Amino acid sequence: MENQTIFGLHSVKAALLNKKRRHIELIVNENHRDFAKKFQGKIKKISIIDHKEFKRKYGGEQSTQGVVLKTKRLEVPSLENFLEEEEQKANSVIIMLDQITDPQNIGSIMRSCALFNCKCMVVAKDNAPDLTPSLLKAASGAAEIVNYFKVINLRRTLSILKKNNYWVYGFDSSKYKQTDINFHKKSVLVFGSEGKGIRELIKKESDILIQLKSKPNLEYNIDSLNVSNASAIALYEFYKKFN
């Protein structure tokens, strides 16, 4: 199993609390002795080092918050196994990201998934980052809950999801005016990159294309939501309907 490095107080704390993980070492700077003491029972090796050495090895407080965890990568089910588990549930929602590459955005979306009971995020293998320390920090612990599936072909994956009784909702702000959302109990919410949006081949696989209702400010060219904000709104609407 591959090793993984996690930065940031929230992300490290969540990983340490996850009983499915196998940890290697917790490294903190001198400011976080108390944090390290709290988790002495969760990990055998804890290193407390001075600020200069910590910064030289791992970077400053802004990027790491003075806390680094070396751990084993989480084992995750295959997408097929995940769908088998979801089949038993009354409702299920999946987020799919089409060519969104920014780790901060993906981490923020993952955090919204965790809050609104979405356990699955699907991205393209060639057009999305791995679970890097910066993505994990942005997710703020959500990576312990949300499965992050990297697939070879998004279009083919959508076809598989539709065969498993999921309806596909493509969110697009360009020209589609349908703003009413009436989610099916099993839904895939698809979001594209800011500016380009969802690719045409993915739009063709969508059952419904939706534009979130908003009031663009044309004077200052503010005409669309950030993708992490848009996905949070969509996830909330699904959660509100079925919970």
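Here the structure is shown first, and the text comes after it.
Source: prediction; values computed, not measured.

## Comments concerning the packing of helix 6 (residues 103–115) against helix 10 (residues 227–242)
If you want to describe how two helices pack, look at the angle between their axes and the distance between the axes.
In step 1: One can describe the packing of helix 6 onto helix 10 by two numbers: an axis separation of 9 Å at closest approach and a directional angle of 15°. Taken together, the axes of helix 6 and helix 10 lie roughly parallel to each other. Here the hand of the crossing between helix 6 and helix 10 comes out right-handed. Touching Asn-105, Ser-108, Ile-109, Ser-112 and Cys-113 of helix 6 are Val-227, Ser-228, Ser-231, Ala-232 and Leu-235, all from helix 10.
In step 2: Each residue belonging to the contact of helix 6 with helix 10 can be placed in one class, and the counts come to five nonpolar, five polar and no charged.

## What about the pattern of salt bridges?
Here the idea is simple: oppositely charged side chains can pair when their charged atoms come close.
In step 1: In the structure shown here, the tally under the stated rule is 13 salt bridges.
In step 2: A salt bridge links Glu-144 to Arg-21, with the nearest nitrogen and oxygen atoms 2.9 Å apart. In this pair, Glu-144 is assigned in the loop between helix 7 (133–139) and strand 7 (147–151) and Arg-21 in the loop between helix 1 (9–17) and strand 2 (23–29), connecting sequence segments 123 residues apart. Accessibility classification places Glu-144 together with Arg-21 in one group, the buried group.
In step 3: In this structure, Lys-89 and Glu-86 form a salt bridge, with 2.7 Å as the shortest nitrogen-oxygen distance.
In step 4: Under the relative-accessibility criterion, Lys-89 is labelled partly exposed at 40%.
In step 5: Three or more residues are tied together by salt bridges with common partners; here these are Arg-155, Lys-162, Glu-205 and Asp-207.

Cut-offs and rules
- Residues numbered from 1 in each chain as written.
- Predicted model: local features only at pLDDT ≥ 70, side-chain atom pairs only at ≥ 80, totals over all residues.
- Heavy atoms only, no water.
- Axes fitted to C-alpha atoms, helices over the stretch in contact; angles between N-to-C directions.
- Helix = DSSP H or I, 4+ residues; strand = E, 2+ residues; numbered from the N terminus.
- Parallel < 35°, antiparallel > 145°, perpendicular 65-115°, else oblique.
- Left-handed = near helix turned anticlockwise from the far one by under 90°.
- Contact = heavy atoms within 4.5 Å.
- Nonpolar A, V, L, I, M, F, W, Y, C, P; charged D, E, K, R; others polar.
- Salt bridge = Lys/Arg side-chain N within 4 Å of Asp/Glu carboxyl O.
- Buried < 20%, exposed > 50% of the residue type's maximum accessible area, 1.4 Å probe, protein only.

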